[in-house]
Amino acid sequence: MKQINLIITLLLLANIVVGQNNVKFNLTNVPAIENARVGIRGNEKPLSWQNTFFLSANDEAYIGELSFENNTTFFEYKYVIEDNNGNVTYELDGQENRLGIFTNLAELTLNDNWDIQPEYDVQNLPLIPVENLKEDAEILGKALWELHPGVERYQDSIAYFSKLYELKIAFTEPVSYARAYKEISKFVATLKCGHTFANPFNQTGFINNIILNQKDKLPFGVEWFKGRLFITKNATDNNSFSSGTEIIAINGMPIKALADSLLALTKGDGSNDAKRFSDLNVVGYDYYEMFDVYLPLIISPEKGFYELTVISEEGLTRVEKVAAIERNKRNGILQKRYNSIPSSIEETWEYKLLDDKIAYLKLGTFSVWDFKIDWKKFLNAAFREFDKAKAEKLIIDIRGNEGGADEVLEELRQYIQKVDCNVKNFDERLRYTRVSDELQPYIFTWDRSVLDFSGRVRKNENGSYSFVNGNTKTTTYNRSRKAFQGDIYLLVNAANSSATFYLAKYFKDCSFGKIVGATTGGSKKGINGGNVLFLRLPNSKIEVDIPIFGQFNDYEIDEGIKPDIPVDRTFEDLKSGSDGQLERLITKLNE
């Protein structure tokens, strides 16, 4: 009997060993420390982001060993230094987490250097099994249908579930994580919502290592102009790729076909493709740019190179290969070569006097959460300067600014609200009263109160919900004593699609001044936004942003806000890298 028990025990122990993936950590080049220990934190058990697994020190490195469950495909981690008081210092500050990727081997050895990010070959990742993809598709389909306020704004239920069926068909075979990201992006883009997408800013480090950090980007800044693709900045040593060089094919794929494929993945409100093209430009700045994300999902470099068919400034067609590059490396080169690229987010804000009559205020973003300057004091200082100079005219430049914090709009209003104004509000609608128990494990948000609106909303005749004490049909905005008293011109373009879309709307509704430039992004039929639910799919680990509140005007036209004074960007502006729009506007104002 004892022998039988011993055999059973040995079998159980064998199963435990077989059911685990062992990882050996070997960390070198750690800075000198006193009264502290070196360890690891991560996202998968036995690691956590709350507690440190400490490493042992030998003469050459810090070492340790852990075992993970065998169903763990990968894990994210960072090394830390924790002092005797529990204060923790992370390596790779502001960078993606490290990845431990399991292949077919039962043991993984990670030889790491402190604060140096390694390169990852995502080709080693296993494919996502069909049953896991099916579960993700079901959860995504259910979440958008139950929670998204605009799911039926531009399509009916038949069209929605037909598109969901197409997603499921794409998932009838195992696919890579990159392919899953592409198919999910294609599906959510069918909602035609400018706030619904697989947002790189909200992905895990694992997904961003796949879509952002691979050596598969074009070594150029690019701009779409009237459906055509042009090089604007060059990070290669080949000077023949000058600004204005047109790319007419990549790896043999005509640009028209590429544009169609890219637009099918790109967020935007309604039929406003100008906004989608705006999202597909590459400036060489910011945390991500969607062209970098989507291009490799459609066309991959071949043996590390893209084959480009281009037309030179002289009109000559040629075919050349260019080496694919990492995004951060390319952007670093571009920022050294081109002074027009900001080196920090604060540099997207600027004020100055253009001459003795015209003041200029550039607001390149409303995403002020990470500003190192006091942005309210900045605005106050700007308008004090304009008042002191007795400027007669003011250009507020919000081109390229999608939006951000509504608080900026409210703060800015006190400097431009010269008259009392009644603004007709959109009809605000919600899709749900409570996030279902089935979905809650996959939903994250910064405000837990939005998970349950029970008792706070009423059902409308069209099946949507509105707050019991909801918004009125109009909102009154009172004039401000601090408002600039001269003529104001709001310089806009297709990027303006969230808080900046509302700024343009208020500007026109209240006659704050003249809107100049090009038609905005967004849609006069209304946009979705406000608070956001972050849906994290359990198997692919892909996150999708789902806005909670929908603003509706069913009687309006599906288009952005048109300028009172059109001032279009020209090809010469693109080619020269100059701000011809602003120059032509200044000329008009001085006539």
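Residues numbered from 1 in each chain as written. Predicted model: local features only at pLDDT ≥ 70, side-chain atom pairs only at ≥ 80, totals over all residues. Heavy atoms only, no water.

J.: Which residues make up the overall build of the protein, and what are the values?
T.: What the protein contains, in helices and strands, is 14 helices and 29 strands. The C-alpha atoms of the protein give 27 Å as radius of gyration, which agrees with the globular expectation for 591 residues (25 Å, within 12%). Seen through its C-alpha atoms, the protein measures out along the principal axes to roughly 100 × 65 × 55 Å. A burial count over the protein gives 51% of its 591 residues as buried. Pairs at least 24 apart in sequence give 72% of the contacts found in the protein among residues at least 6 apart. When the accessible surface of the protein is split by element, carbon and sulfur atoms take 48% of a total near 28600 Å². (Helix = DSSP H or I, 4+ residues; strand = E, 2+ residues; numbered from the N terminus. Rg over C-alpha atoms; globule rule 2.2 N^0.38 Å. Buried < 20%, exposed > 50% of the residue type's maximum accessible area, 1.4 Å probe, protein only. Contact = heavy atoms within 4.5 Å. Areas by Shrake-Rupley, 256 points an atom, 1.4 Å probe, with all protein chains shown as cover.)

J.: Explain the sheet that holds strand β4 (residues 56-57) to me, and be specific about the residues and the numbers.
T.: The strand order across the open sheet formed by four strands is β4-β5-β1-β9, and the pairing between neighbours is mixed. Edge strands, defined here as strands with exactly one partner in the open sheet, are β4 and β9 (107-113). (Pairing = 2+ DSSP bridges.)

J.: Outline the environment of arginine 330, supporting the account with residue identities and numerical values.
T.: By the secondary structure assignment, arginine 330 is in helix α9 (residues 327-337). Looking at arginine 330, the relative accessible area reads 0%, which means it is buried. Put simply, arginine 330 and isoleucine 158 are 172 residues apart on the chain and 44 Å apart in space, counted from C-alpha to C-alpha. Beyond its immediate chain neighbours, meaning those up to four positions away, arginine 330 contacts Lys217, Leu218, Pro219, Phe220, Ala235, Val282, Glu289, Asp292 and Ile325.

J.: I'd like a description of unusual backbone geometry, backed by residues and values.
T.: The omega angle of the peptide bond from lysine 45 to proline 46 is 10°, so this bond is cis rather than trans. If you check the backbone angles, lysine 192 has positive phi at about 55° while not being a glycine. Topologically, lysine 192 is positioned in the loop between α4 (177-189) and α5 (205-211). Judged by its relative accessible area of 35%, lysine 192 is partly exposed.

J.: Lay out the pairing of strand β1 (residues 20-28) in plain terms, naming residues and giving numbers.
T.: Across eight bridges, β1 lies against strand β5 (residues 62-69) in antiparallel orientation. Residue asparagine 22 lies in a different strand from β5, and its bridge partner there is serine 67. Note: β1 against β9, seven bridges, orientation parallel. Pairing of leucine 27 across the sheet is with aspartate 112, part of β9.

J.: Tell me about the sheet that holds strand β29 (residues 565-566), and please be specific about residues and values.
T.: Judged by pairing direction, the sheet is mixed, and its six strands sit side by side in the order β16-β17-β18-β25-β26-β29 without closing on themselves. Whereas interior strands pair on both sides, the edge strands pair on one side only; in this sheet they are β16 (349-353) and β29. In this structure, strand β17 (residues 358-363) lies alongside strand β18 (residues 393-397), joined through five bridges in parallel fashion. Within the sheet, the bridge partner assigned to alanine 359 lies in β18 and is leucine 394.

J.: Describe the side chain of threonine 520, listing the residues and the values that go with them.
T.: Looking at the secondary structure, you find threonine 520 in the loop between β26 (514-517) and β27 (528-536). Note on threonine 520: relative accessible area 1%, which makes it buried. Separated by 2.9 Å, the side chain of threonine 520 and the backbone nitrogen of isoleucine 561 make a polar contact. Excluding its chain neighbours within four sequence positions, the residues that come into contact with threonine 520 are Asn272, Val492, Asn493, Ala494, Asn496, Phe501, Ala504, Gly560 and Ile561. (Polar contact = N/O pair within 3.5 Å; in protein donor to acceptor, adjacent residues only side chain to side chain.)

J.: Just give me the short version of the packing of helix α2 (residues 130-147) against helix α3 (residues 157-170), but keep the residues and values in it.
T.: At a minimum axis distance of 10 Å, the contact between α2 and α3 shows a crossing angle of 160°. Overall, the two elements α2 and α3 adopt an arrangement that is roughly antiparallel. For the element pair α2 and α3, the recorded crossing hand is right-handed. Contacts from Ala137, Glu138, Leu140, Gly141, Leu144 and Trp145 of α2 reach α3 at Ser157, Tyr160, Phe161, Leu164, Leu167 and Lys168. For the contact of α2 with α3, the class distribution of residues is eight nonpolar, two polar and two charged. (Axes fitted to C-alpha atoms, helices over the stretch in contact; angles between N-to-C directions. Parallel < 35°, antiparallel > 145°, perpendicular 65-115°, else oblique. Left-handed = near helix turned anticlockwise from the far one by under 90°. Nonpolar A, V, L, I, M, F, W, Y, C, P; charged D, E, K, R; others polar.)

J.: I'd like to hear about the environment of asparagine 531, residue by residue, with values.
T.: Residue placement: asparagine 531 occurs in strand β27. A residue is classified by how much of its surface remains accessible, and asparagine 531, at 9% relative accessible area, is buried. In this structure the C-alpha to C-alpha distance between asparagine 531 and proline 547, which are 16 residues apart in sequence, comes to 6.1 Å. In contact with asparagine 531, not counting residues within four places along its chain, are Thr445, Trp446, Asp447, Val450, Ile546, Pro547, Ile548 and Phe549.

J.: Outline the pattern of salt bridges, listing residues and values.
T.: When charged atoms on two side chains of opposite charge get close, those side chains can pair. Taken as a whole, this structure holds 38 salt bridges when the rule is applied. Among the salt bridges present, the one from aspartate 279 reaches lysine 275, with a minimum N-O distance of 2.8 Å. Residue aspartate 279 and its partner lysine 275 are located together in helix α7 (residues 273-279), separated by four residues, close to a single helical turn. Notably, a salt bridge pairs glutamate 320 with arginine 318, separated by 2.4 Å at the nearest N-O pair. Each of Lys267, Lys275, Asp279 and Glu402 takes part in salt bridges that share partners, so that together they form one network. (Salt bridge = Lys/Arg side-chain N within 4 Å of Asp/Glu carboxyl O.)

J.: Which residues make up the packing of helix α10 (residues 375-388) against helix α11 (residues 406-416), and what are the values?
T.: Look at α10 against α11: their axes get within 11 Å of each other, and the N-to-C directions meet at 20°. Looking at the two axes, α10 sits roughly parallel to α11. As α10 packs across α11, the resulting crossing turns out to be right-handed. Across the interface between the two elements, Trp375, Lys376, Leu379, Asn380 and Phe383 of α10 pack against Glu407, Val408, Glu411, Leu412 and Tyr415 of α11. The class makeup of the residues in the contact of α10 with α11 is six nonpolar, one polar and three charged.

J.: Describe the state of the cysteines, listing the residues and the values that go with them.
T.: Taken as a whole, this structure holds one disulfide when the rule is applied. Here cysteine 421 engages in a disulfide with cysteine 510; their sulfurs sit 2.0 Å apart. Looking down the S-S bond of the cysteine 421 and cysteine 510 bridge, the torsion is -85°, so its handedness is left-handed. In this pair, cysteine 421 sits in strand β19 (residues 421-424) while cysteine 510 sits in the loop between α12 (499-509) and β26, placing the two residues 89 residues apart along the sequence. Residue classification places cysteine 421 among the buried residues on the basis of a relative accessible area of 6%. (Disulfide = S-S within 2.5 Å.)

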